[in-house]
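Single-letter residue listing:
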Amino acid sequence: MEVITRVAEMQARARQWRQEGKQVGFVPTMGYFHQGHLSLIRRAVQENDLAVVSVYVNPTQFGPQEDFHRYPRDLERDIRLAEEEGVHVLFAPSDAEMYPQGYQTYVEVTELTQGLCGARRPGHFRGVATVVAKLFHIVQPTRAYFGEKDYQQLRVVERMVRDLNLGVEIVPMPIVRESDGLAMSSRNVYLSPEERRAATVLYRAWKAAQEWVAQGERDAPRLREKVVRFIEAEPLARVDYVEIVDPLTLEPLERLEGEARLMLAAFVGSTRLIDNGPLTAT
Ligand code: PAF
């Protein structure tokens, strides 16, 4: 496996692969790999001639009060794991490579980013869309893999790819969970043992919501209230948002008919966690 840190070098390699007609699978990450990342990486290795993984903690998607500086990092371990999975290139650029002096161009997806995490984290999706667009231009992938854990991000990236004709196939991948249901996240390392136990409340809330829907609940605002109360019953948890939305437009729903998505964000102690899952009204 090759580790590339320079944009120009990564672009040259990508150009060469294109000329050779190679299919390139790409997994953009912020590193500190867990099983969720590894599931994306395995799939990229499996269904492409070559797989590229980027490791870059992107400063433009963090707010000034957020955890950019303490976000967990372990590049040596990430390199080892990517190599074991058969990745061809790990791209790990510096901030100076990605945002050189004078940088001033950003990508904005205007509507899908209005609610949910977009409302709570101003500028977050502008940073995500910008860095993903840049990475796509640098790596020139055939396919790119995104986890459904960041469900709004997935929809935002899909929209950007269509709107800007980026010509990359976006492959969504299911959430990978710990055995007790907690969605895997690099931020789970922030949790104390007690918070770690409480953090399963998001998964349990989704399961409870599925059960309420199975029992016939079709009123989305009432279901939402029940989910809020369920989460707030956990003393260490504080709801940031609970929304029941259309899975494609992310617009809040009034009635549950067909497929909906339950979108959850909560603070457990001082750590903000997100989760989501389908709700099917048959
Ligand atoms: O999901 C992430 O880890 C990041 O938001 C991404 C897509 C790598 C962009 O920095």
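Just so we're clear, the structure is a prediction, and the values are computed from it rather than from any experiment. Residue positions are counted from 1 within each chain, in the order its sequence is given. Confidence filtering applies because this is a predicted model: local features only for residues at pLDDT of at least 70, side-chain atom pairs given and counted only at 80 or more, and all residues used for totals across whole chains, interfaces and linings. Only hydrogens and water are set aside; all other atoms, that is, all heavy atoms of the structure, feed into the side-chain values.

Draft legend 1. Representation of the pattern of salt bridges within the structure. Any Lys or Arg side-chain nitrogen found within 4 Å of a carboxyl oxygen on Asp or Glu counts as a salt bridge. Scanning the entire structure with this criterion turns up 18 salt bridges. The closest approach of N and O atoms between glutamate 108 and arginine 126, which form a salt bridge, is 4.0 Å. Of this pair, glutamate 108 sits in the loop between helix H4 (95-98) and helix H5 (116-120) while arginine 126 sits in helix H6 (residues 124-139), and the two are 18 residues apart along the sequence. The classification of residues rests on relative accessible area computed with a 1.4 Å probe and restricted to protein chains. Under 20% of the type maximum is buried, over 50% is exposed, and intermediate values are partly exposed. For glutamate 108, a relative accessible area of 58% puts it in the exposed group. Each of the salt bridges in this network shares a partner with another, and the network as a whole consists of Glu217, Arg222 and Lys226. Each helix corresponds to a stretch of at least 4 residues labelled H or I by DSSP, and each strand to a stretch of at least 2 residues labelled E; elements are numbered beginning at the N terminus.

Draft legend 2. How the structure looks around the packing of aromatic side chains. Working definition: a ring pair exists when centres of Phe, Tyr or Trp rings (six-membered ring for Trp) sit within 6.5 Å. Plane angles under 30 degrees give stacked, over 60 give edge-to-face, the rest tilted. All told, the structure shown has eight aromatic pairs when counted by the stated rule. With 5.9 Å between their ring centres and 75° between their planes, phenylalanine 62 and tyrosine 71 make a pair best called edge-to-face. For phenylalanine 62, a relative accessible area of 10% gives the class buried. With 5.6 Å between their ring centres and 85° between their planes, tyrosine 103 and tyrosine 106 make a pair best called edge-to-face.

Draft legend 3. Spotlight on the site of the ligand. All residues in the neighbourhood of the ligand are listed as Pro28, Thr29, Met30, Asn58, Gln61, Val131, Phe146, Asp150 and Gln153. Within the side chain of glutamine 153, an N or O atom sits 2.7 Å from an oxygen atom of the ligand. Isolated, the ligand exposes 290 Å² of accessible area, and the fraction of that covered by the protein chains is 88%. Across the shell around the ligand, the residue classes tally to four nonpolar, four polar and one charged. Any residue with a heavy atom lying within 4 Å of a molecule or strand is counted as near it. Identification of polar contacts relies on pairs of N or O atoms within 3.5 Å, with a donor-acceptor requirement for protein atoms, meaning one able to donate a hydrogen and the other able to accept it, and with residues adjacent in sequence counted only if both atoms are side-chain atoms. Per-residue and other accessible areas follow the Shrake-Rupley method at a 1.4 Å probe size, with only the shown protein chains counted as cover for residues. Following the grouping adopted for this structure description, the nonpolar residues are Ala, Val, Leu, Ile, Met, Phe, Trp, Tyr, Cys and Pro, the charged ones are Asp, Glu, Lys and Arg, and the polar ones are all others, Gly among them.

Draft legend 4. The arrangement of the packing of helix H9 (residues 201-214) against helix H10 (residues 220-232) in detail. A fitted line through C-alpha atoms serves as each axis, taken over the contacting stretch for helices, and the angle formed by two N-to-C directions is quoted from 0 to 180°. In contact at an axis separation of 10 Å, H9 and H10 are set at 145° when each is read in the N-to-C sense. As H9 packs across H10, the resulting crossing turns out to be right-handed. The residues of H10 that touch H9, namely those facing Val201, Leu202, Arg204, Ala205, Ala208, Ala209, Trp212 and Val213, are Leu223, Lys226, Val227, Phe230 and Ile231. Of the residues that constitute the contact of H9 with H10, the class distribution is 11 nonpolar, no polar and two charged. Handedness of each helix crossing follows the sense of rotation of the near helix against the far helix: counterclockwise by less than a right angle gives left-handed, clockwise gives right-handed. Here a residue-residue contact requires only that any non-hydrogen atoms of the pair lie within 4.5 Å.

Draft legend 5. Representation of the domain arrangement of the chain. Domain borders in the structure are assigned automatically or taken from a domain database. Here the domain parsing of the chain yields domain 1 (2-173) and domain 2 (186-281). Summarising the inter-unit geometry, the C-alpha centres of domain 1 and domain 2 are found 27 Å apart. Using a 1.4 Å probe, buried area is obtained as the accessible area two parts lose upon being combined, added over both of them. Here domain 1 packs against domain 2, burying approximately 1,800 Å² in sum over the two surfaces, 55% of which is carbon and sulfur. Its largest share of buried area at the contact with domain 2, domain 1 owes to Leu116, Arg120 and Tyr151, together 34% of the area lost on that side. Counting across the interface, domain 1 meets domain 2 through two salt bridges. Arginine 187 serves as the salt-bridge partner of aspartate 67, at 2.7 Å between the closest nitrogen and oxygen. Seen at the junction of domain 1 and domain 2, the total is seven residue pairs in polar contact (both at pLDDT 80 or more). Looking at the side of domain 1 that touches domain 2, the elements that each hand over two or more residues are H5 and helix H7 (151-163).

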